[in-house]
Amino acid sequence: MTKKLLLFLFISTPFLVCSQIRKINEQGSGLLNLERHQFKINLIAPGISYELGLFKNVTASTSFGPALAYYTEGYSFGYAWHTRLRYYHNLTRRVDMRKNVVGNSANYISAARSVFWAPVQFSNNLEGADDYAMAFYGGVYGVQRTYPKGFNFNIELGAGYYRGDGVLNGYGGLLNFSFGWVATKRKSRKPTFD
């Protein structure tokens, strides 16, 4: 009985794999709506951001800009280095509603890490060493919009764990906002004819 079952699985596996590959090709597996590369310069507070399209709705991004860390031990407001793995969940719906998706204009959930250093903080009420550092590990929900002239805003709110070096550890929230200009060429959404 087990030999017949193994033979059946061995023969049917290629058919299942081929059907899945065909399904992916029909639905699209590339970066249909995402930008492959997006470099942004922050205008409100000096900073930079880079976003790399990885899969159909997934990007990896890194940025240096202002953020607010608020957790059980206090708050810190200033510059931080942010790294994100973003999943854009409403790109298809925005396209179906004929809304703008240029420049990764959509809402996303993200695994997040942000690192804060004392020398680049504007304000804080944390007790501890004067040269502290702390890192945020958690999740964020964000909204990003890029307009036709290249202006972009991104706001994200999240919760997670803060691990301190020179300050105490704790749990809390993160608020990150940026307004800038996308310096890279964006995908055209105008139809092309061959």
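Residues numbered from 1 in each chain as written. Predicted model: local features only at pLDDT ≥ 70, side-chain atom pairs only at ≥ 80, totals over all residues. Heavy atoms only, no water.

> Report on the overall build of the chain, specifying residues and quantitative values.
Across its full length, the chain carries 2 helices and 8 strands. For the chain, the sequential pattern of α-helices and β-strands runs α-β-β-β-β-α-β-β-β-β. The proportion of buried residues among the 194 residues of the chain is 40%. If you take every contact in the chain between residues at least 6 apart in sequence, the share linking residues at least 24 apart comes to 61%. For the chain, the accessible surface area stands at approximately 11,900 Å², while carbon and sulfur atoms represent 65% of it. (Helix = DSSP H or I, 4+ residues; strand = E, 2+ residues; numbered from the N terminus. Buried < 20%, exposed > 50% of the residue type's maximum accessible area, 1.4 Å probe, protein only. Contact = heavy atoms within 4.5 Å. Areas by Shrake-Rupley, 256 points an atom, 1.4 Å probe, with all protein chains shown as cover.)

> Explain the layout of surface pockets to me, using residue names and the numbers behind them.
For the largest pocket, the calculated volume is near 170 Å³. Lining the largest pocket we find 13 residues, and of these Ile-44, Ala-45, Pro-66, Phe-177 and Ser-178 sit closest to its centre. Of all the secondary-structure elements, those providing two or more residues to the lining of the largest pocket are β3 (58–71) and β8 (170–182). For the lining of the largest pocket, the residue count by class is 10 nonpolar, 3 polar and no charged. (1 Å grid on protein atoms, 1.4 Å probe; cavity = no way out; pocket = protein on both sides within 12 Å on 5 of 7 lines; lining within 4 Å. Points joined across faces, edges and corners; volume = space filled by probe spheres on them. Nonpolar A, V, L, I, M, F, W, Y, C, P; charged D, E, K, R; others polar.)

> Would you mind going over the pairing of strand β1 (residues 37–42) in detail, with residue names and values included?
Alternating residues of β1 divide into Gln-38, Lys-40 and Asn-42, all buried, and His-37, Phe-39 and Ile-41, none buried. Pairing of β1 with strand β2 (residues 47–53), which is carried by 6 bridges, proceeds in the antiparallel orientation. Directly across from Asn-42, in β2, lies its bridge partner Gly-47. Hairpin connection between β1 and β2: a loop of 4 residues separates the two successive antiparallel strands. (Pairing = 2+ DSSP bridges.)

> An account of unusual backbone geometry is requested, with residue identities and associated values reported.
Phi angles above zero are rare outside glycine, and Arg-98 is one such case at about 60°. By the secondary structure assignment, Arg-98 is in the loop between α2 (91–96) and β5 (106–124). Relative accessible area serves as the criterion here: at 79%, Arg-98 is assigned to the exposed category. A positive phi is found at Asn-104, a non-glycine position, where the angle reads about 60°.

> Give a detailed account of the side chain of Glu-35, specifying residues and quantitative values.
In this structure, Glu-35 sits in the loop between α1 (2–27) and β1. Residue classification places Glu-35 among the buried positions, given a relative accessible area of 3%.

> Account for the packing of aromatic side chains, with residues named and values stated.
Remark: the centre distance and the inter-plane angle together describe each pair of aromatic rings, the angle taken between the planes. Applying the stated rule across the entire model yields 9 aromatic pairs. The interplanar angle of 50° and the centroid separation of 5.6 Å between the aromatic rings of Phe-77 and Phe-122 together place this pair among those described as tilted. Of this pair, Phe-77 sits in strand β4 (residues 74–88) while Phe-122 sits in strand β5; the two residues are 45 residues apart in sequence, bridging distant segments of the chain. Overall, the relative accessible area of 52% leaves Phe-122 in the exposed class. A centroid spacing of 5.1 Å and a plane angle of 55° characterise the contact between Phe-136 and Tyr-162, whose relative ring orientation is tilted. Of the two residues, Phe-136 sits in strand β6 (residues 133–146) while Tyr-162 sits in strand β7 (residues 151–165), which places them 26 residues apart along the sequence. On the accessibility criterion, Phe-136 (0% relative accessible area) is buried. Sitting over the face of the ring of Tyr-108, Arg-86 holds its NZ or CZ atom 4.4 Å from the ring centroid. The ring of Trp-81 has Arg-113 sitting right over it, with the charged end atom 4.5 Å from the ring centre. (Phe/Tyr/Trp six-rings, centres within 6.5 Å; stacked < 30°, edge-to-face > 60°. Lys NZ or Arg CZ within 6 Å of the ring centre and 35° of its normal.)

> Residues and numbers for the pattern of salt bridges, please.
In the structure shown here, the tally under the stated rule is 2 salt bridges. A salt bridge links Arg-86 to Glu-51; the shortest N-O distance between them is 3.3 Å. With Arg-86 in strand β4 and Glu-51 in strand β2, the pair connects residues that are 35 residues apart, well separated along the chain. There is no split in this pair, since Arg-86 and Glu-51 are both buried. Between Glu-156 and Arg-84 there is a salt bridge, with its nearest N and O atoms 2.7 Å apart. On the criterion of sequence distance, the pair formed by Glu-156 in strand β7 and Arg-84 in strand β4 is long-range, its members being 72 residues apart. Owing to a relative accessible area of 2%, Glu-156 belongs among the buried residues under this scheme. (Salt bridge = Lys/Arg side-chain N within 4 Å of Asp/Glu carboxyl O.)

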